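# Chain and residue survey
The residues making up each chain are set out below.
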Amino acid sequence: MEGARQKVLDKLREQSIPCSQLFQEFLVEYELLSEYQLLQKNGPHTGVYIVPSAKSTLIWFGVIFVRSGYYSGAVFKFRIHIPHDFPHNEKPPFVAFDPPIFHPLVDQRTGELEFNKFIPKWKRHKDRIWHVVPWMRRIFLKIETENAANQEASDLYRTDLEQFRTKVNICKKLSQSILFEEAKTNDPNEIEFSELSDEAFSKLRAKMLRNGEKALNQPSKNSRSWMTKGSMQLFSK
């Protein structure tokens, strides 16, 4: 699968016009789409939901529902920022929690997650954007204090676990209290939550189940492509 994908990209580059900025942007968007498909293919990432921004292919919105450990019950929104020189980047994409959370590996001012230990240098064709997700989930399951971005959180975890728990509980309660606030941007894909009554929830759940059953029972349809089957030529259909 990965080899076939790379052959398509290499063939597209051979056919590209060197001065065509539009074509280069198309290639980047194609690679990012492939990266997002890999994220979905390598899931499910339990408790994590991600959707690309509608306004920038270099930003993906996400939310994580923490289900175990010190942060159990927390709901943290985050963004994955992809470097502007993707796919030639040497630095990994970075995760920023919004608002910032209290954690040894998260900068309390910017919300940025410290990734140097996990991915010190980005290696193209080896590292994938979806790799960021398991590392992000791990920080809530196993608390790391090395290369701390928040020294206070690191020190408390090592020397005063009770006070660390207190601070984490405040962080958890904050995440729950702001869950239904309006989106901070006008991006239609930013993840936003709405409160539902029990009756509305039951109706919505029943509708989703019906739609799911219909999708399973429908015969598959041939998808359309802008490439002729067996051809590597772009827009050959």
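Okay, so let's go over this structure. (Residues numbered from 1 in each chain as written. Predicted model: local features only at pLDDT ≥ 70, side-chain atom pairs only at ≥ 80, totals over all residues. Heavy atoms only, no water.)

## Digging into the overall build of the protein chain
On a plain count of helices and strands, the protein chain comes out with six helices and four strands. Shown N-terminal to C-terminal, the secondary structure of the protein chain runs as helices and strands in the order α-α-β-β-β-β-α-α-α-α. Accessible surface, the protein chain: about 15100 Å² in total, of which carbon and sulfur atoms supply 52%. (Helix = DSSP H or I, 4+ residues; strand = E, 2+ residues; numbered from the N terminus. Areas by Shrake-Rupley, 256 points an atom, 1.4 Å probe, with all protein chains shown as cover.)

## Things to note about helix α4 (residues 151–159)
Listed as buried for α4 are A153, S154 and L156. Looking down the long axis of α4, one finds its buried residues gathered within 170 degrees of arc, a one-sided arrangement. Measuring from the side-chain oxygen of the N-cap residue of α4 to the backbone nitrogen of E152 gives 3.2 Å; that N-cap residue is N150. (Buried < 20%, exposed > 50% of the residue type's maximum accessible area, 1.4 Å probe, protein only. Arc of directions from axis to C-beta. Polar contact = N/O pair within 3.5 Å; in protein donor to acceptor, adjacent residues only side chain to side chain.)

## Focus: the side chain of S154
By the element assignment, S154 lies in helix α4. Residue classification places S154 among the buried positions, given a relative accessible area of 1%. Each residue touching S154, except ones within four places of it in the same chain, is listed here: P104, T145 and A148. (Contact = heavy atoms within 4.5 Å.)

## Points about the packing of aromatic side chains
Geometrically, a pair of aromatic rings is defined through the distance of the ring centres and the angle of the planes. All told, the structure shown has 15 aromatic pairs when counted by the stated rule. Ring centres of F76 and F97 lie 6.2 Å apart, and the angle between their planes is 80 degrees; this geometry places the pair in the edge-to-face category. Placement of the pair is F76 in strand β3 (residues 75–81) and F97 in strand β4 (residues 94–97), with a sequence separation of 21 residues. Here the two residues F76 and F97 agree in accessibility, since each one is buried. An aromatic cluster of at least three residues, connected via ring pairs, comprises Y71, F76, F78, F97 and F140. (Phe/Tyr/Trp six-rings, centres within 6.5 Å; stacked < 30°, edge-to-face > 60°.)

## Concerning the pairing of β3
Counted residue by residue, β3 has six buried out of seven residues, so it is predominantly covered. Pairing of strand β2 (residues 59–65) with β3 involves seven bridges; the strand directions are antiparallel. Considered in β3, the bridge of V63 is made with K77. Note that β3 and β4 share four bridges and pair antiparallel. Counterpart to F78 in the pairing with β4 is F97. (Pairing = 2+ DSSP bridges.)

## Describing the nonpolar core
Judged by nonpolar contacts, the single largest core of 41 residues is most densely connected at F76 and F97. In terms of residue count, the dominant contributor to this core is helix α3 (residues 132–141) (five residues). For F97, the contacting residues outside a window of four places in its chain are I64, F76, K77, F78, V106, T110, G111, L113, M136, I139 and F140. Core analysis: the second largest hydrophobic core is formed by five residues, F61, V63, V75 and I191 among them. (Core = buried A, V, L, I, M, F, W, Y, C linked by side-chain atoms within 4.5 Å.)

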